[in-house]
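A structural walkthrough
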Amino acid sequence: MNQAGFPILTLLTFLPLVGGAIILTVRGEEAIVASNARWTALWTSLVVFALSLILWVKFDSSNGGFQFVESVSWLPQAGISYKMGVDGISVLFVLLSTALTPICILASWESITTRVREYMLAFLVLETMMVGMFCALDFLVFYMFFEAVLIPMYLIIGIWGGPRRVYAAVKFFLYTLAGSLLMLLALLFMWNTAHTTDIEVLMHTAFSPHMQTWLFLAFFASFAVKVPMWPFHTWLPDAHVEAPTAGSVILAGVLLKMGAYGFLRFSVPMLPDAAVYFAPFIYTLSVVAVIYTSLVALAQTDMKKLIAYSSVAHMGVVTIGIFTFNVQGVSGALFQMLSHGVVSAALFLCVGVVYDRIHTREILRYGGLVDRMPAYALTFMLFTMASIGLPGTAGFVGEFLVLVGAFKISLWLSVLGSAGMILGAVYMLYLYRRVVFGKLEKLDLKGILDLSPREIAIFAPLVALTLWMGIYPSSFTGFFDAAVGQMVEHHQAAIAATSKLAGVMR
Amino acid sequence: MLLAVAVLAPLFGSMIAGLLGRAIGDRAAQAVTILCMLLASVCGVSAFVSLVYGSATPGVVVLGEWVSAGEFHANWALRYDTLSAVMVAMVTCVATLIHIYSIGYMSHDKSIARFFSYLSLFTFAMLALVTADNLLQLFFGWEGVGLASYLLIGFWYDRPAARAAAMKAFVVNRIGDLGFAAGIALIFFIFGSIEFSTIFAGLSQHVNDVYHVLGTDFRAYEVIGILLFIGAMGKSAQLGLHVWLPDAMEGPTPVSALIHAATMVTAGVFLMSRMSPLLDFAPGAMHFVTFMGASTALFAATVACTQNDIKRVIAYSTCSQLGYMFVAAGVGAYQVSMFHLLTHAFFKALLFLGAGSVIHAMSNEQDMRKMGGIWKMIPLTYVAMWIGNLALAGVPPFAGYFSKDAILEAAWASHSLVGHYGFWCCLIAAFLTAFYSWRLLIMTFHGAPRADHHTMEHVHESPWAMTVPLILLAAGAVLTGFSFADQIIGEDWHAFWGDAIGVAASNHILADMAAVPAVVSMAPTVLGLLGIATAYAFYMVWPAIPGRLAASLPGLYRFLLNKWYFDELYDATIVQPASRLARRLWRIDGEVIDGMPNGVARLTADGSSQIVKLQTGSIANYAFAMLIGVVALVSLYLIVG
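Quick caveat: nothing in here was measured; it's all calculated off a predicted structure.

Some remarks on the overall build of chain B
Secondary structure summary: chain B contains 28 helices and 4 strands in total. If one aligns the C-alpha atoms of chain B with their principal axes, the spans along those axes are about 110 × 65 × 60 Å. Looking at chain B as a whole, 60% of its 641 residues qualify as buried. In chain B, once contacts between residues fewer than 6 apart in sequence are set aside, the share between residues at least 24 apart is 80%.

Set out below in structure tokens:
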């Protein structure tokens, strides 16, 4: 068996569904059902989170391979099995998902009043899909989770969203689905070559460079939309604006990481030659993403849209890091993904706090909140600073490591890719200045209340994480050091083999 | 250990005042932060004394691991050598005095605990900066002081000008920081480490390394030097990236004294000294440093002559003096630049606090045109300002005389073209410095009272909390010059600095300084006195002259009054185009980029309504379609397979 002594990953993945089933059985008055659903969902997600801490404790960080592996033969004749496992790259994302879910449920406690049961159910299903996706070690299993994530998210936006929720939800669904279909094709192709969908085997299968190119493009179509990379990002602002706060939190916190995770898990290790071939293309798109979306963020009048665009810029840094193929770049990308998961989630929650009170996201409708909401102002300031990468907060470490990694490629890549340091400061400080600073003049803001105990409970873990990740990031990078080292080595070996082969052929 | 207490005590004070300020009240918050600062300064001074005059040895205290990825490592660590000890002692002392001063200055403010919390937070970040053992921690402090500066400039957040100034300071600094961060990345790229000892140990191995950029191969050390200096330019307000400093005067005056005169803005100079072993091998970059420093010194001095806001005059003066320091660093006289940094910290903090005392007395008036005739009413402040200005103008035996003279000597002794450019710029600036200092002194204190009756009635000397720091800083402005000159920049500088400042074997600028002609040594003092005399003539004897001069040279006057139009230039070339571009890109994002998938969706919808017509219900049609599909698939399989 594995280190845990029981199939922990399967349990983590499907336990939320058990909670969901309990929620479904509750009958009675609407208020009772709603309260029951809330508590059940909260407890389920907390139990799952507590369980996931076993991974934190028992994970062997000196081992760069997969751990806690479980495997059940499913379609043996086709080489398909139900296989789960985590390595240094995925384990922290499992923890991120299990940590953010209870926070989301708590954040929806009062703001969701209609169809609470279904809402909580959707979140628990979503948790199953997210955790399953990060644990899957079989491509087909991965693909199913990867696609299934769309369904609860689609419902969350489409049912509990803002005025244009249906448009946003359909756009989100179709856009990301269209990309994924090409990945399915690639999956079939790979299966046809390797006769298995075992990810570990596929990682060590050498596909011909020509085939890699096509497979890479197919993967790219799927992952680039999910990241989202410029110019496939336009679904994101719409989805964020219309989604309920918790939807935005999970979308920015976890769902955006799926694309980058895909690049790390599939594109780079399985298709090393194509990854190198396309790297300049990725750099270009990423640099454009950083500068372009930062500028667009600057022109926003809607708080959520501004943060949504900033997410695209931050993810641009991630894609640069992944495609530097060196330890600093990839570690930086991973760290940036994690820190963005925490910080952007927190920023959406910050928007949610004032939205719940005033019911608008117009930046100009606010101003001077610091007088009435000092605790909120402090919290918001911390996350603002983390978002613009102040050293000592989570945002700095990843961004800086990517800058170092990119420097090995070129000065310009690293400087332009880090332009977000400047532009990010401009739009985030603009937002902060307009919303929190200034004179409190608007009448309806005069009676606004500071953070409630429930909100403090939501923010406290995120504040702690942001500082912890910034001051002692080693406790996180330690998890993936070995795995990243191994991945980079594997990549270099594969590239060397190809060029040797090319030499022989010539 | 002493060093650790000195660094961490302000952080502790800041946390208590910031997080518990509401619970424990303003007085308790003040008490806690000031006690922490007193503790820090006692520890800081003892650490300095025991290192330089006692038996303590330099070393590094590792507090913990910070960032680690592959071979990239950075620790939380405190470096204990003369350079850091001297800075810690200076920063803790000045910061403590300014904390005390703020009791009086901020007594009418509504958020005192917040102010003291920020002030202590700043002190902590500054101490983390100067005690860093690697470039990343230095960057941590660098950004930390930037944050504190942002918070303190914008302390009065209900004033639009303060908010704008805070944001401007942060963003302009960030431009420099990006260069600095890239410099750190390049150092890691070349040396495989960002720890000072490892970098300096590897200097001789990499001296001929090249880095390819802009289509050419440059010596890596030169590129590093330029990148680090870009960082320094932002923080130390050098020409081009200086625009934030005058605006930063929107912050409360103690903030201007601590951050924008004595400590934070000198971080760039400190960085040059810290990296001196490497920079000595980057002559090209150092020429650039000298050039920029000299230009800044002259530029800022010219602007200071026409400003009317008392704090802005001093702000431009700071900008100019920072230029002097970079001239010294640029010609390789790092010890001299550090010496000027120290003396400047005392007399410039004194000047700002003196100005604060004036503003306090004048019911928050900052315009010198509305002052005058108050020297008898606030005699202590008046004397303090005299001492500060004498030190600034470089009149012997005040502190500035020793350090500023040494800079001019060093510039002359460098015997390079750019060194001489530095010499002449600084010489002219020395005249202007004395001129604007006495202009300030006379306009503020002398002549007929120009304030309204009501204000004049309330003019009063400041409370003890404000005057005691003034007296102590005035003592510093008198004493630090002659008591330290021989140790810091004398022939035996090695005994003082140890290995903290390392210069190449070919660098003997300190020895050459002794050999400069007497006329060179005398020149700045003479010009300084001349400047004082001119100001006296212009503003005391014939007060009509300045007005007539401005009227006869309207173009030049407006050019200087508007600070060489830098703000307007940046607004027209960067800020406006960027925001126009932002709005345009946003439109493109909505119409073009989002238009594509939406267009596809529309096409699909239209297409499917056409395809619906294919559903005829006739089995023959379906069978035919299926057949075509099978043929297509088979042929595809044959072609690919």
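Describing the overall build of chain A
Assigned secondary structure in chain A consists of 21 helices and 2 strands. Over its C-alpha trace chain A gives a radius of gyration of 22 Å, about what one expects of a compact globule, namely 23 Å for 506 residues. Oriented by its inertia axes, the alpha-carbon framework of chain A measures out at about 75 × 55 × 40 Å. Split into buried and exposed, the 506 residues of chain A put 67% on the buried side. Of the contacts formed within chain A by residues at least 6 apart in sequence, a portion of 81% connects residues at least 24 apart.

Structural notes on the pairing of strand β2 (residues 80–86) of chain A
All names here are of chain A. The buried fraction of β2 amounts to 7 of the 7 residues, a majority that puts the element mostly inside the structure. Two elements, strand β1 (residues 67–75) and β2, share 6 bridges in a ladder whose sense is antiparallel. Bridge pairing links Gln-67 to Val-86 in β2. Joining the antiparallel neighbours β1 and β2 is a turn of 4 residues, in which Gly-79 adopts a positive phi near 75 degrees.

Things to note about the interface of chain B and chain A
Each partner contributes residues to the interface: chain B has 52 residues there, and chain A has 61 residues. When the area that chain B buries against chain A is broken down by residue, the three leading residues are Arg174(B), Leu178(B) and Trp586(B), summing to 13%. Viewed at the interface, chain A and chain B are joined by 1 salt bridge. The interface formed by chain B and chain A contains 15 residue pairs in polar contact (both at pLDDT 80 or more). Residue assignment for the side of chain B that touches chain A shows that the elements contributing at least two residues are α1 (2–24), β1 (59–69), β2 (72–80), α5 (135–153), α6 (160–191), β3 (210–213), α26 (566–593) and α27 (595–611) of chain B. For the side of chain B that touches chain A, the element with the highest residue contribution is α6(B), accounting for 16 residues.

Thoughts on helix α4 (residues 116–135) of chain A
Compared with an ideal rise of 1.5 Å per residue, which puts 20 residues at 28 Å, α4(A) spans 29 Å between its outermost C-alpha atoms and is within 8% of the ideal. Burial runs high along α4(A): 16 of the 20 residues are buried.

Brief notes about the side chain of Ser267(A)
By the element assignment, Ser267(A) lies in helix α11 (residues 245–270). Discounting chain neighbours no more than four positions away, the residues touching Ser267(A) are Phe216(A), Phe219(A), Phe223(A), Gly262(A), Pro272(A) and Ala275(A).

Section: the pattern of salt bridges
Residues and elements named next belong to chain B. Within this structure, the stated rule accounts for 19 salt bridges over all chains. In this structure, Asp-247 and Arg-312 form a salt bridge, with 3.6 Å as the shortest nitrogen-oxygen distance. Of the two residues, Asp-247 sits in helix α9 (residues 244–247) while Arg-312 sits in helix α14 (residues 310–330), which places them 65 residues apart along the sequence. Taken as a pair, Asp-247 and Arg-312 share a single burial class, namely buried. The network of salt bridges with common partners includes Arg-79, Asp-81, Asp-133 and Arg-274.

Side note on a positive patch on the surface
Side chains of Arg580(B), Arg583(B), Arg584(B) and Arg587(B) sit close together on the surface and give a patch of like positive charge. On the secondary structure map, Arg583(B) appears in helix α26.

Description of helix α17 (residues 394–407) of chain A
Each α-helix turn comprises 3.6 residues. Residues three or four places apart therefore point the same way. Between its first and last C-alpha, α17(A) extends 21 Å over 14 residues, near the 20 Å set by a 1.5 Å rise per residue. In terms of residue burial, α17(A) counts as a mostly covered element, since 14 of its 14 residues are buried.

Remarks on a nonpolar patch on the surface
Residue and element names in this part refer to chain A. On the surface, a nonpolar cluster with roughly 550 Å² of combined accessible area is contributed by Ile-151, Tyr-154, Leu-155, Ile-159, Val-166, Val-170 and Leu-174. The leading source of residues in the nonpolar patch is helix α6 (residues 150–160), at 4 residues. As for its placement among the helices and strands, Ile-151 is situated in helix α6.

Notes on the nonpolar core
Judged by nonpolar contacts, the single largest core of 451 residues is most densely connected at Phe139(A), Phe323(A), Leu135(B) and Tyr150(B). Not counting residues up to four positions away in its chain, the partners in contact with Leu135(B) are Phe180(B), Ile184(B), Ile187(B), Ile194(B), Phe196(B), Ile199(B), Leu271(B) and Met275(B).

Regarding the packing of aromatic side chains
Considering all chains together, one arrives at 84 aromatic pairs over all chains under this definition. Taking the centre distance of 5.7 Å and the plane angle of 50 degrees together, the rings of Tyr376(A) and Phe380(A) count as tilted. Of this pair, Tyr376(A) and Phe380(A) are both found in helix α16 (residues 374–387), 4 residues apart, which corresponds to roughly one turn of the helix. Accessibility assignment for this pair places Tyr376(A) and Phe380(A) in one class, buried. Over the ring of Phe146(A) we find Lys226(A); its NZ or CZ atom is 3.8 Å from the centre of that ring. Positioned above the aromatic ring of Phe196(B), the side-chain terminus of Arg274(B) is 5.4 Å from the ring centre.

So, the pairing of β1(B)
All names here are of chain B. In this structure, β1 lies alongside β2, joined through 9 bridges in antiparallel fashion. Opposite Val-61, over in β2, you have Leu-78 as the bridge partner. Adjacent in sequence and paired antiparallel, β1 and β2 are bridged by 2 residues, among which Gly-70 carries a positive phi angle near 60 degrees.

Quick word on the environment of Ala497(A)
Residue and element names in this part refer to chain A. Assignment of secondary structure puts Ala-497 in helix α21 (residues 474–505). Ala-497 sits in the partly exposed class, given a relative accessible area of 43%. For Ala-497 and Tyr-261, which are 236 residues apart along the polypeptide, the C-alpha to C-alpha distance reads 25 Å.

Quick notes on the environment of Phe281(A)
Within the secondary structure, Phe281(A) sits in helix α12 (residues 272–298). Taking the C-alpha atoms as reference, Phe281(A) lies 43 Å from Thr44(A); in sequence the two are 237 residues apart.

Section: unusual backbone geometry
Residues and elements named next belong to chain A. A cis amide bond, omega -10 degrees, links Val-227 with the succeeding residue Pro-228. The residue Arg-115 is not glycine, and still its phi comes out positive at about 45 degrees. Following the sequence through the fold, Arg-115 ends up in the loop between α3 (88–107) and α4. Its identity is not glycine, yet His-195 carries a phi of approximately 60 degrees, on the positive side. Tracing the backbone shows His-195 in the loop between α7 (165–194) and α8 (199–203). Residue His-195 is classed as exposed on the basis of its relative accessible area, which comes to 55%.

Observations regarding the side chain of Glu147(A)
Residue and element names in this part refer to chain A. With respect to the secondary-structure elements, Glu-147 resides in helix α5 (residues 139–148). It is Lys-226 that comes nearest to the buried, bridge-free Glu-147 among opposite-charge side chains, at 4.7 Å. At 2.7 Å, the side chain of Glu-147 forms a polar contact with the side chain of Ser-180. The contacts of Glu-147, once residues within four sequence positions are left out, are Leu-177 and Ser-180.

Quick notes on the confidence of the model for chain B
Detailed reading of predicted coordinates is not advised where the pLDDT is low. Residues at a pLDDT of 70 or more form 97% of chain B, whose mean pLDDT is 90. Taken over the whole predicted complex, pTM reads 0.92, whereas the ipTM for its chain interfaces reads 0.92.

Some points on the packing of helix α17 (residues 399–413) of chain B against helix α20 (residues 464–489) of chain B
Residue and element names in this part refer to chain B. Interhelical geometry of α17 versus α20 gives an angle of 40 degrees and a closest axis separation of 6 Å. In terms of orientation, α17 lies oblique with respect to α20. Contacts between α17 and α20 involve Ala-399, Phe-402 and Ala-406 on the former and, on the latter, Gly-476, Ala-477, Val-478, Thr-480, Gly-481, Phe-482, Ala-485 and Ile-489. Within the contact of α17 with α20, the residues separate by chemical class into 8 nonpolar, 3 polar and no charged.

Remarks on the packing of α14(B) against helix α18 (residues 417–445) of chain B
All names here are of chain B. Two numbers describe how α14 lies on α18: the axes approach to 11 Å, and their chain directions differ by 160 degrees. Comparing their axes, α18 and α14 come out roughly antiparallel. When you trace α14 past α18, the crossing you get is left-handed. Across the interface between the two elements, Ile-310, Val-313, Ile-314, Ser-317, Ser-320, Gln-321, Tyr-324 and Val-327 from α14 touch Gly-422, Cys-426, Ala-429, Ala-430, Thr-433, Tyr-436, Arg-439, Leu-440 and Thr-444 from α18.

The rules behind each value
- Residue positions within a chain follow its written sequence, with the count starting from 1.
- The order in which chains are written sets their letters, starting at A; the order in which ligands are written sets their numbers, starting at 1.
- Predicted model: local features are reported for residues with pLDDT of at least 70 only, side-chain atom pairs are reported and counted for 80 or more only, and whole-chain, interface and lining totals are derived from all residues.
- The basis for the side-chain values is all heavy atoms of the structure; hydrogens and waters are excluded.
- Working definition: helices are DSSP H or I runs of at least four residues, strands are E runs of at least two. Numbering for both runs from the N terminus.
- Using a 1.4 Å probe on the protein chains alone, a residue whose accessible area is under 20% of its type maximum counts as buried, one over 50% counts as exposed, and one in between counts as partly exposed.
- Should any heavy atoms of two residues lie within 4.5 Å, those residues are considered in contact.
- Each radius of gyration reported is based on C-alpha atoms, and the globular scaling rule is 2.2 Å times the count of residues to the power 0.38.
- Two strands pair under a simple rule: DSSP has to find at least two bridges between them.
- Put simply, buried area is the surface a 1.4 Å probe can reach on two separate parts but cannot reach once they are joined, added for both.
- By definition, a salt bridge exists where a carboxyl oxygen of Asp or Glu is found within 4 Å of a side-chain nitrogen of Lys or Arg.
- Any N or O atom pair separated by 3.5 Å or less is treated as a polar contact, with the protein-specific requirement of one donor-capable and one acceptor-capable atom, and with residues adjacent in sequence counted only for side-chain atom pairs.
- Working rule for helices: expected span equals 1.5 Å times residues minus one.
- The patches described consist of residues with a relative accessible area above 30% and no salt bridge, like charges being joined within 9 Å and nonpolar side chains (Val, Leu, Ile, Met, Phe, Trp, Tyr) within 5 Å.
- Residue burial considers only the protein chains on display, and all accessible areas are found by Shrake-Rupley using a 1.4 Å probe.
- In summary, the charge assignment counts Lys and Arg as positive and Asp and Glu as negative, without counting His or the chain termini.
- In plain terms, the charge of a residue is placed at NZ if it is Lys, CZ if Arg, CG if Asp and CD if Glu.
- Note on terminology: a nonpolar core comprises buried Ala, Val, Leu, Ile, Met, Phe, Trp, Tyr and Cys residues joined through side-chain atoms within 4.5 Å.
- The pairing test for Phe, Tyr and Trp rings, Trp by its six-membered ring, is centres within 6.5 Å, and the orientation test on the planes gives stacked under 30 degrees, edge-to-face over 60, and tilted for anything in between.
- Two conditions define a charge located above a ring, namely a distance within 6 Å from the ring centre to NZ of Lys or CZ of Arg, and an angle within 35 degrees of the ring normal.
- What pLDDT expresses is the predictor's confidence in each residue, scored from 0 to 100.
- Here, axes are lines fitted to C-alpha atoms. For helices the fit covers the stretch in contact, and angles between N-to-C directions go from 0 to 180 degrees.
- For classification purposes, an angle smaller than 35 degrees is called roughly parallel, one larger than 145 roughly antiparallel, one from 65 to 115 roughly perpendicular, and anything else oblique.
- Residues are sorted three ways: Asp, Glu, Lys and Arg are charged, Ala, Val, Leu, Ile, Met, Phe, Trp, Tyr, Cys and Pro are nonpolar, and all the rest, Gly among them, are polar.
- Left-handed is the label given to a crossing in which the near helix is rotated counterclockwise from the far helix by less than a right angle, and right-handed is the label when the rotation is clockwise.

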